[in-house]
Amino acid sequence: YDYGMNRRESEHQSIVGSFNLSPVSSMGRQKMPRFADRCKRKIAKVPTKVLDAPSLQDDFYLNLVDWSSQNVLAVGLGNCVYLWSAATSKVTQLCDLSETEDVVTSVAWSEGGRHLAVGSSRGEVQLWDASNQKLIRIMGGHSARIGALSWKQASSGGAPTAGSSSLLASGSRDRLIHLRDPRSESAYEMRLCAHKQEVCGLKWSFDERSMLASGGNDNKLLVWDIKKHASPIHSFGDHTAAVKAITWSPHQHGLLASGGGTADRCIRFWNCLTGNGINCIDTGSQVCNLAWSKNCNEIVSTHGYSLNQIVVWKYPSMQKIATLTGHTYRVLYLAVSPDGSTIVTGAGDETLRFWQVFPGPQKENKAGGLLFPAGMPGSVIR
């Protein structure tokens, strides 16, 4: 950055400009494992796109990337949140927290992709109308940074009604989880207290909308049923490091996967209907993120120390389908495209990399697809 008299203007211009496509070096290409050659589906060994993301923090406990159902990527870079349209490649600065000397620590889209929640180092949640670039409200309640956010979708079948509004869960370094109703005048509706250290992972279940999984730096994975209990219904203590990586199966009711940090390295599977562990896989490196494909029964994991790789797994066999490399720092951030075919990964090497790892929806296997329309100017890396 230019720290001269026009520092703020220079920062904005450099960050927006840096979202231009970067060339992918052929030197970074790796050979796929031999067993992948036997798979019907071929997974590309190099990313389809690479975007520069200056000031993307190398912090395991933050969640700074999310992809909306409207095909817009939100990225927290330092004091600012930027929106990148996958359809047009247009970049927009949504907010700048520098005036209050605050830093973006988490971002999360609502189910409809209209509202973006932004967590900050001061313990505030800003709720933005992204399409109109308008700040709706600021919600307090936490006394430390908010590293994890997760939206609980409204009931299906039309617009939210009384009692069926979306809830936003926020997890903080203050060890607390707050459940917030954006329509309510209160900062939060419920406070969940059970973690002994920073909360760094939060995910609502797909089918059981009242079930929330939380992971913490206390090495605990907790499962909450907020309809029945203000305390967790399950407390899993098998991990031996921080639990940030959490994903629910969209295919099997009550099935949850979690990943542990550097001292643990394992992906564990849990039956949340019975409270029993199902399986454990030692991945050999820090597990930073997990995401379950909605189009097939496969999982993608991203890793840190010491391999910095991305792995696609077949469930339940946990056979490796592909191992992808290219990031030079821990792969701390992960989001999935709205059509479920593509993931974006982010790392402290200040790049965002797009990988087509899953099949698209069965009814939408068209050239170009939802993500990057065929023939769109600038969509091909040269």
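Since this is a predicted model, take the numbers as computed values, not measurements.

Draft legend 1. Looking closely at the environment of Val 46. Within the secondary structure layout, Val 46 lies in the loop between helix H1 (7-18) and strand E1 (49-52). On the basis of relative accessible area, Val 46 is assigned to the partly exposed category, the value being 22%. Between the alpha carbons of Val 46 and Gln 356 there is a distance of 9.3 Å; along the sequence they are 310 residues apart.

Draft legend 2. Layout of the pairing of strand E6 (residues 104-109). Burial analysis of E6 places six of its six residues in the buried class, the great majority of the element. In terms of strand pairing, E6 meets strand E7 (residues 115-120) through five bridges, oriented antiparallel. The partner of Trp 109 across the bridge, within E7, is Leu 116. Taking the residues between adjacent antiparallel strands as the criterion, E6 and E7 are bridged by five residues, where Gly 113 takes a positive phi near 80 degrees.

Draft legend 3. Local environment of the sheet that holds strand E22 (residues 287-292). Reading across from one edge, E22-E23-E24-E25 is the order of the four strands in this open sheet, with antiparallel pairing throughout. Of all the strands in the sheet, the pair left with one neighbour each is E22 and strand E25 (319-324). Strand-to-strand twist in this sheet, taken as the mean axis angle between neighbours without regard to direction, amounts to 20 degrees.

Draft legend 4. Spatial organisation of the side chain of Asn 308. One can find Asn 308 in the loop between strand E23 (298-303) and strand E24 (310-314). If near-sequence neighbours (up to four positions away) are discounted, Asn 308 is found in contact with His 303, His 327, Thr 328, Tyr 329, Arg 330 and Val 331.

Draft legend 5. View of the packing of aromatic side chains. Per the counting criterion, the structure on display carries seven aromatic pairs. Seen from their ring centres, Phe 236 and Trp 270 are 4.1 Å apart, and the 20 degrees between their planes marks the pair as stacked. Pair noted here: Phe 236 is in strand E17 (residues 234-236) and Trp 270 is in strand E20 (residues 266-271), with a separation of 34 residues, a long-range link. On the basis of relative accessible area, Phe 236 is assigned to the buried category, the value being 5%. The interplanar angle of 80 degrees and the centroid separation of 6.0 Å between the aromatic rings of Phe 269 and Trp 292 together place this pair among those described as edge-to-face. Of this pair, Phe 269 sits in strand E20 while Trp 292 sits in strand E22, placing them 23 residues apart in sequence. Here Phe 269 and Trp 292 have matching classes, each one buried.

Draft legend 6. Up close: the sheet that holds strand E2 (residues 65-67). Read from one edge of the open sheet, four strands run E2-E3-E4-E5, paired in antiparallel fashion. Of all strands in the sheet, those bounded by a partner on one side alone are E2 and strand E5 (91-96). Within this sheet the neighbouring strands show an average axis-to-axis angle of 20 degrees, counted without direction. Pairing of strand E3 (residues 72-77) with strand E4 (residues 80-85), which is carried by six bridges, proceeds in the antiparallel orientation. Pairing of Val 72 across the sheet is with Ser 85, part of E4.

Calculation notes
Residues numbered from 1 in each chain as written. Predicted model: local features only at pLDDT ≥ 70, side-chain atom pairs only at ≥ 80, totals over all residues. Heavy atoms only, no water. Helix = DSSP H or I, 4+ residues; strand = E, 2+ residues; numbered from the N terminus. Buried < 20%, exposed > 50% of the residue type's maximum accessible area, 1.4 Å probe, protein only. Pairing = 2+ DSSP bridges. Axes fitted to C-alpha atoms, helices over the stretch in contact; angles between N-to-C directions. Contact = heavy atoms within 4.5 Å. Phe/Tyr/Trp six-rings, centres within 6.5 Å; stacked < 30°, edge-to-face > 60°.

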